[in-house]
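Commentary on secondary and tertiary structure
Here are the chains, one letter per residue:
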Amino acid sequence: MTPWLLHAVLLINVAGVEEVAHVDARDHPVPGAGREAFERMERALVQGFDDICGDTFCEGEYANLRALQLRCAVRRHDGRVAQCLWSFAGSHARVGGQNPVPVVQAQTYACELPVGEYTTWAWMQQNLVGRDALDTVLPASGRSSYDALTDCL
């Protein structure tokens, strides 16, 4: 085997065993282990959003604003949450004039939740599950998910 080919094979083998630094919260500490806790947390946050949407975020141009999906990246080695993004979508449709084709204006949002540097996945799954999940202040940030949505939406 030529030296450059041997070097390429070694690089491929090393790259193949490299540990991933971040995982989806649903897969922490091992694949699938956090799924139920994450879904419970996401349901609580969505319920909080749905409860206030009509009086807040859904009063404007996008009255049908919907929470789509929440995802959190967790550091594999210590369980700290690196970032959470919550996606939303809304639309405004109208029919009028001489054109028979409805006109739709759609908007999507990716809202970052204010997770502080030392927020752990364990803390989130224990504290963001009740009726007040949306208003719970997240550690080290001094802000709630509601605060973040106010800035984003």
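Everything below is about the structure printed above this text.
Residues numbered from 1 in each chain as written. Predicted model: local features only at pLDDT ≥ 70, side-chain atom pairs only at ≥ 80, totals over all residues. Heavy atoms only, no water.

1. Some words on the overall build of the protein
Summing up its helical and strand segments, the protein has 4 helices and 4 strands in all. In sequence order, the secondary structure elements of the protein are arranged as α-β-α-β-β-β-α-α. With 153 residues in all, the protein has 30% of them scored as buried. A separation of at least 24 residues holds for 58% of the contacts in the protein among residues at least 6 apart in sequence. Accessible surface, the protein as shown: approximately 9,400 Å² in total, 54% of it carbon and sulfur. (Helix = DSSP H or I, 4+ residues; strand = E, 2+ residues; numbered from the N terminus. Buried < 20%, exposed > 50% of the residue type's maximum accessible area, 1.4 Å probe, protein only. Contact = heavy atoms within 4.5 Å. Areas by Shrake-Rupley, 256 points an atom, 1.4 Å probe, with all protein chains shown as cover.)

2. What about the state of the cysteines?
Tallying each qualifying case throughout the model produces 3 disulfides. One disulfide in the model links Cys 53 with Cys 58; its S-S distance is 1.5 Å. Residue Cys 58 is classed as buried on the basis of its relative accessible area of 10%. In this model, Cys 72 is linked to Cys 84 through a disulfide, with the two sulfur atoms separated by 2.0 Å. With the S-S dihedral at roughly 115 degrees, the linkage between Cys 72 and Cys 84 falls on the right-handed side. One end of the pair, Cys 72, is in strand β2 (residues 66–75); the other, Cys 84, is in strand β3 (residues 81–96), and 12 residues separate them in sequence. Side by side, Cys 72 and Cys 84 carry an identical accessibility label, which is buried. In the protein, the bonded cysteines, taken in the order they occur along the sequence, pair up as 1-2, 3-4, 5-6. (Disulfide = S-S within 2.5 Å.)

3. Notes on helix α4 (residues 145–152)
Residue pairs spaced three or four apart in an α-helix point in one direction, given the helix's 3.6 residues per turn. Taken residue by residue, α4 has Ser 145, Ala 148 and Leu 149 as its buried positions. Looking down the long axis of α4, one finds its buried residues gathered within 100 degrees of arc, a one-sided arrangement. In this structure, the buried residues of α4 make contact with α2 (35–53), β3 and β4 (99–113). At the N-terminal boundary of α4, the capping side chain belongs to Ser 144, with an oxygen 3.3 Å from the backbone nitrogen of Tyr 146. (Arc of directions from axis to C-beta. Polar contact = N/O pair within 3.5 Å; in protein donor to acceptor, adjacent residues only side chain to side chain.)

4. Looking at the pattern of salt bridges
Counted according to the given criterion, the structure contains 7 salt bridges. Counted as one network, the salt bridges with shared partners bring together Arg 26, Arg 35, Glu 39 and Glu 42. (Salt bridge = Lys/Arg side-chain N within 4 Å of Asp/Glu carboxyl O.)

5. Brief notes about the packing of aromatic side chains
Taken as a whole and assessed by the stated rule, the structure comprises 6 aromatic pairs. Geometrically, the ring pair formed by Phe 49 and Phe 57 is stacked, given 5.8 Å between the ring centres and 10 degrees between the ring planes. For Phe 57, a relative accessible area of 15% translates into the label buried. Taken together, a centroid distance of 4.8 Å and an interplanar angle of 50 degrees make the contact between Trp 86 and Phe 88 tilted. Under the relative-accessibility criterion, Phe 88 is labelled buried at 0%. Members of the aromatic cluster, joined through ring pairs, are Phe 49, Phe 57, Trp 86, Phe 88 and Tyr 146. (Phe/Tyr/Trp six-rings, centres within 6.5 Å; stacked < 30°, edge-to-face > 60°.)

6. Side note on the environment of Ala 93
If you trace the backbone, Ala 93 turns up in strand β3. Under the relative-accessibility criterion, Ala 93 is labelled exposed at 52%. Taking the C-alpha atoms as reference, Ala 93 lies 8.4 Å from Ala 106; in sequence the two are 13 residues apart. Residues in contact with Ala 93, not counting those within four places in the same chain, are Val 103 and Val 104.

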